[in-house]
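A closer look at the structure
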Amino acid sequence: MLAHVDAHDWRGLTMADVAERAGVTTAEAYAVCPGRAQLLDLFARRMDLASVADVGAAPEEPDARYDQLLDILMMRFEALQPYRSSVVKILRDVPREPQTLIGILPQSQRSFAFLAGKAGFPRDGLRGRLLAKALSAVWLSTQRIWLHDESTDLGETMCALDRNLRRALETLEPFLGRG
């Protein structure tokens with residue numbers, strides 16, 4: 001889906017290009033995905049599902065929930081690895097397109113609420129929204145490290161993610177509680 005971005009910059013990618021690459025008509029592509037912001041939404045959901053594919057039930061113990069959330073977020077980075085060059089282009093180009101950037105913000109919040117819920121954290125209500133916003137900040141901060149982490153085990157990314165996630169959850173502890 002986003003592999004076609006490698007042949008283009010994000011700003012030069014059209015839905016006709018995506019349809020052609022997918023082997024469908026533009027109308028068929030439009031029925032599934034009417035625009036590039038929705039294309040990013042679809043890709044984000046695909047990465048979310050890949051991140052939790054092997055995740056069991058949400059743990060009850062707070063420390064185990066932290067570990068599971070850390071694993072889920074790390075699995076999301078690992079799922080993105082094959083698309084790194086496309087992600088780099090998208091991250092470079094999307095901020096120059098306010099309509100696309102604004103269009104993808106709701107999906108970002110849904111993604112992080114979904115991932116938090118899979119680890120046993122609140123995903124709905126005020127606490128869920130607060131956590132989703134914090135996880136967005138954790139993700140963006142860690143993503144900068146991931147973009148330059150060329151190691152096979154993504155060790156630098158893992159360290160940054162652990163540090164950023166701990167800091168965010170410690171800050172939110174009065175609102176989320178430990179239980």
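Look a little higher up for the structure.
First, a word on what this report is: a plain description of the structure on this page.

The rules behind each value
- Residues numbered from 1 in each chain as written.
- Predicted model: local features only at pLDDT ≥ 70, side-chain atom pairs only at ≥ 80, totals over all residues.
- Heavy atoms only, no water.
- Helix = DSSP H or I, 4+ residues; strand = E, 2+ residues; numbered from the N terminus.
- Buried < 20%, exposed > 50% of the residue type's maximum accessible area, 1.4 Å probe, protein only.
- Contact = heavy atoms within 4.5 Å.
- Core = buried A, V, L, I, M, F, W, Y, C linked by side-chain atoms within 4.5 Å.
- Axes fitted to C-alpha atoms, helices over the stretch in contact; angles between N-to-C directions.
- Parallel < 35°, antiparallel > 145°, perpendicular 65-115°, else oblique.
- Left-handed = near helix turned anticlockwise from the far one by under 90°.

Mapped onto the fold, alanine 79 is located in helix H4 (residues 62–80). Overall, the relative accessible area of 17% leaves alanine 79 in the buried class. Spatially, the C-alpha atoms of alanine 79 and alanine 50 are 6.5 Å apart, while their sequence positions differ by 29 residues. Beyond its immediate stretch of four places on either side in the chain, alanine 79 contacts Met47 and Ala50.

Ranked by internal contacts, the top residues of the largest apolar core, which has 35 residues, are Leu73, Leu131, Leu135 and Leu165. Considering every element that reaches this core, the biggest residue donor is H4, with 9 residues. Beyond its immediate sequence surroundings of up to four residues, leucine 135 is in contact with Leu69, Leu73, Phe112, Ala116 and Leu165. Met15, Val18, Leu39 and Ile90 belong to the second largest nonpolar core, which has 9 residues in total.

What follows concerns the packing of helix H3 (residues 36–52) against H4. Contact pair H3 / H4: the axes reach a minimum separation of 8 Å and the direction vectors enclose 125°. As summarised for this structure, H3 and H4 are arranged oblique, according to the angle between their axes. Where H3 crosses over H4, the two elements pack in a sense that is right-handed. Residues Phe43, Ala44, Met47, Asp48, Ala50, Ser51 and Val52 of H3 lie in contact with H4, whose contacting residues are Ile72, Met75, Arg76, Ala79 and Leu80.

The values are spatial; any link to function lies outside them.
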